[in-house]
Amino acid sequence: MSAVKVFVPCDSAALAAGANEVAAALLNECARRGLAIDLVRNGSRGLFWLEPLVEVGTALGRVAYGPVTPEDVVSLLDAGLLDGGEHALRHGITEQIPFLALQERLTFRRMGITDPLSLADYEAHDGWQGLKRAVGMGSADLLHEVTHSGLRGRGGAAFPAGIKWKTVAGLQAAQKYVVCNADEGDSGTYSDRMTLEGDPFMLIEGMAIAAMTVGATEGYIYIRSEYPHAVATMTRAIALATEAGFLGDRVLGSEHIFHLHVRKAAGSYVCGEETAMLESLEGKRGIVRAKPPLPAIEGLFGLPTVINNVITFASVPVILARGAQFYRDYGMGRSHGTLPFQLAGNVKQGGLVEKAFGLTLRELLYGFGGGTRSGRPIKAVQVGGPLGAYVPESQWDVPLDYEAYAAIGAVLGHGGIVVHDDTADMAGLARYAMEFCAIESCGKCTPCRIGSTRGVEVIDRIAGGANREQQVILLRDLCETMVGGSLCAMGSMTPLPVLSALDHYPEDFGLTAADHQAA
Ligand SMILES: Cc1cc2nc3c(=O)[nH]c(=O)nc-3n(C[C@H](O)[C@H](O)[C@H](O)COP(=O)(O)O)c2cc1C
Ligand code: SF4
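Here the structure is a predicted model, which means the values were calculated and not measured. (Residues numbered from 1 in each chain as written. Chains lettered and ligands numbered in written order. Predicted model: local features only at pLDDT ≥ 70, side-chain atom pairs only at ≥ 80, totals over all residues. Heavy atoms only, no water.)

(A) Quick peek at the site of ligand 2. Looking at ligand 2, there are 13 residues lining it, with Cys442, Lys444, Cys445, Cys448 and Cys488 nearest. Partitioned by chemical class, the residues of the shell around ligand 2 number 8 nonpolar, 4 polar and 1 charged. (Near = heavy atom within 4 Å. Nonpolar A, V, L, I, M, F, W, Y, C, P; charged D, E, K, R; others polar.)

This is the structure we're talking about:
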């Protein structure tokens, strides 16, 4: 009889919740009882409130238990864990847990299912299908496929990937680069980290297809310095993929060359801005460059460079494997495909929800998130990272679509969703947005560098109450200057959380509705 497969994630969210200790306890207790198990360290399924989530392979499928502590191991084994036995921590067949069953996982379809560093596992779960198809296609056909899929950048700005790739493909240069932005600094976001740690070959495959399309031979993955597990996993995955011929001097035996490297980021939010990232990659301080020239034309070391977010590249293999139309048919309007939304903050069921564009925030907050962890009513939701607007309940039925969100003065960004209950002080959160900008500003332009510090002061004066209406006018004026005069989105988008807090929650700034209208 073969050993029972038991899965304990090696994703850092699971590790933070004690997954290594649970794995050790399972191995010890099984050895003591003479039970043979095959322990697999998989990626996370993204059901973070259940981490460490232990799964057991049974004839009916994998059965999930969680959150498991080392102290639970004895009672779990007593209850017949290895046969999927009943226990208070049992959640049934993993795939049937509503949080997972209701998702449309295209990019994350392998997440938590495979051993992230097993090439055999990757291949057995449709890995390299996109690259294998791409290798037989020319650049023009590849460009058509990516463009037709409707894929837009998942890092925040939602720029069409096909247009960016076409620009680089059309240039003649001795060297072109493909750079992956894995700096992932947005509050409440972790889809990049999960990919780097949980399905690294998918990112390699997407970047190799990009390189093939544009004629690049060198690539870099710029990984957030606070992600040591991601750095280690990606580095190992690149070595394995190179050994196996998926990277290197003859990608899949073809004439295509693609060498890929990992670089640890500099530990600053603004280094995620693409031109500051290029400076940092070149070994300089992370200061934003003026555009033009666009990085596609003069990027890394002044040469043509494709820069995309992790999820943008990671979406490419399934587009090539299943066809552009398959991907395009998901979503709504000009937002095609799916977005891995990341539920965080004060939410009962935090985790990753990949769904086609077009669902609503309400569905995410209650259908998936189950409301707040505190049990109190939800007051405000920040969508799209620290530069995203606070979305009030009156807007929770707006479809999550790039254009629909722009129409209400909000952004989807990288899909981060941070929930606050009714104890949140929105003036305090507005102040925090300005303070964050002041701390993280690269300092190149005045509206952001000085404006954010003045913004903190003005909000403090509003909270103090003296001359409040006048100070609100000043704050709006300052925000207008930051929007119009900042060189990059750090300064121009900080007013989004500030003004949305002021507009939707004036009472938290000590304003009555009448004051607010006057201001
Ligand atoms: C202050 C700031 C921080 C950013 N941080 C990130 C980041 O961590 N990851 C990312 O992919 N994009 C980030 N961006 C967006 C990038 O500048 C760029 O638009 C993106 O990497 C392009 O890839 P995409 O088209 O695939 O989204 C940031 C932008 C700004 C202004
Ligand atoms: S807006 Fe801020 S972060 Fe961006 S270039 Fe200006 S000072 Fe730097």
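(B) Inspection of the sheet that holds strand E15 (residues 390-391) at higher detail. Strands sit in the order E13-E12-E16-E14-E15 across an open sheet of 5 strands; the sheet is mixed. Looking at the sheet topology across the chains shown, the edges are occupied by strand E13 (351-356) and E15. Of the strand pairs in this sheet, strand E14 (residues 378-383) and E15 are connected by 2 bridges, and their pairing is antiparallel. When the sheet's bridge partners are listed, valine 381 is paired in E15 with valine 391. (Pairing = 2+ DSSP bridges. Helix = DSSP H or I, 4+ residues; strand = E, 2+ residues; numbered from the N terminus.)

(C) Region of interest: the pattern of salt bridges. Inspection of the entire model under this criterion finds 30 salt bridges. A salt bridge links glutamate 104 to lysine 355; its shortest N-O distance comes to 3.5 Å. In this pair, glutamate 104 sits in the loop between helix H4 (98-101) and helix H5 (119-124) while lysine 355 sits in strand E13, placing the two residues 251 residues apart along the sequence. Accessibility expressed as a relative area gives 26% for glutamate 104, which makes it partly exposed. A salt bridge links aspartate 199 to arginine 110; the shortest N-O distance between them is 2.9 Å. Of the two residues, aspartate 199 sits in the loop between helix H9 (191-198) and helix H10 (200-214) while arginine 110 sits in the loop between H4 and H5, which places them 89 residues apart along the sequence. The pair formed by aspartate 199 and arginine 110 is uniform in burial state, with each residue classed as buried. Members of the salt-bridge network, linked through shared partners, are Glu29, Arg32, Arg33 and Asp78. (Salt bridge = Lys/Arg side-chain N within 4 Å of Asp/Glu carboxyl O. Buried < 20%, exposed > 50% of the residue type's maximum accessible area, 1.4 Å probe, protein only.)

(D) Highlighting the site of ligand 1. Close contacts around ligand 1 come from 19 residues, with Gly155, Glu274, Asn308, Asn309 and Thr312 the closest. One nitrogen or oxygen atom from the main chain of glycine 272 is found 3.3 Å from a nitrogen atom belonging to ligand 1. Here an oxygen atom of ligand 1 sits 2.8 Å away from a polar atom, N or O, in the main chain of asparagine 309. Compared with its free state, where it exposes 610 Å², ligand 1 has 91% of that area covered by protein. Those elements that provide at least two residues to the shell around ligand 1 are strand E9 (305-309) and helix H20 (489-493). For the shell around ligand 1, the element with the highest residue contribution is E9, accounting for 3 residues. (Polar contact = N/O pair within 3.5 Å; in protein donor to acceptor, adjacent residues only side chain to side chain. Areas by Shrake-Rupley, 256 points an atom, 1.4 Å probe, with all protein chains shown as cover.)

(E) Layout of the packing of helix H7 (residues 139-149) against helix H8 (residues 161-169). Interaxial distance between H7 and H8 falls to 8 Å at its minimum, and their mutual angle equals 160 degrees. The orientation of H7 with respect to H8, classified from their angle, is roughly antiparallel. When the axes of H7 and H8 are compared, the crossing they make is left-handed. Between H7 and H8, the contacting residues are Ser139, Leu143, Val146 and Thr147 on the first element and Ala161, Gly162, Trp165, Lys166 and Ala169 on the second. Taken together, the residues that form the contact of H7 with H8 break down as 5 nonpolar, 3 polar and 1 charged. (Axes fitted to C-alpha atoms, helices over the stretch in contact; angles between N-to-C directions. Parallel < 35°, antiparallel > 145°, perpendicular 65-115°, else oblique. Left-handed = near helix turned anticlockwise from the far one by under 90°. Contact = heavy atoms within 4.5 Å.)

(F) Just the environment of glutamate 55, in detail. In this fold, glutamate 55 is placed in strand E3 (residues 54-58). Accessibility expressed as a relative area gives 0% for glutamate 55, which makes it buried. For the pair glutamate 55 and lysine 5, spaced 50 residues apart in sequence, the C-alpha to C-alpha distance is 8.3 Å. Leave out the neighbours within four places in its chain, and glutamate 55 touches Lys5, Val6, Phe7, Asn42, Arg45, Arg62, Val63, Ala64, Thr94 and Gly112. A polar contact is formed between the side chain of glutamate 55 and the side chain of arginine 45, at a distance of 2.9 Å.

(G) Looking closely at helix H12 (residues 274-281). Across the 8 residues of H12, 7 count as buried, placing the element largely inside the fold. Within the sequence span of H12, burial applies to Thr275, Ala276, Met277, Leu278, Glu279, Ser280 and Leu281. Against the buried residues of H12 lie strand E6 (177-182), strand E7 (218-223), strand E8 (259-264) and E9. Of the residues trailing H12, glycine 283 is marked for its positive phi of about 90 degrees.

(H) The domain arrangement of the protein, seen in detail. Once the domains are mapped, the protein shows domain 1 (4-102), domain 2 (119-329), domain 3 (331-421) and domain 4 (426-518). Summarising the inter-unit geometry, the C-alpha centres of domain 3 and domain 4 are found 23 Å apart. Both faces combined, the contact of domain 3 with domain 4 buries some 1,200 Å², and carbon together with sulfur accounts for 71% of it. Together, Lys379, Leu387 and Tyr390 form the three largest contributors to the area buried by domain 3 at its contact with domain 4, with a combined 56%. A salt bridge links lysine 379 to aspartate 508, with the shortest nitrogen-to-oxygen separation between them at 2.7 Å. Between the two partners, domain 3 and domain 4, sit 3 residue pairs in polar contact (both at pLDDT 80 or more). When contributions to the side of domain 3 that touches domain 4 are tallied by element, the ones reaching two or more residues are E14 and E15. Sort the elements by how many residues they give to the side of domain 3 that touches domain 4 and E14 lands first, with 3 residues. For the side of domain 3 that touches domain 4, the class distribution of residues is 8 nonpolar, 5 polar and 1 charged. (Domains from an automatic or database assignment. Buried area = accessible area lost by both parts, 1.4 Å probe.)

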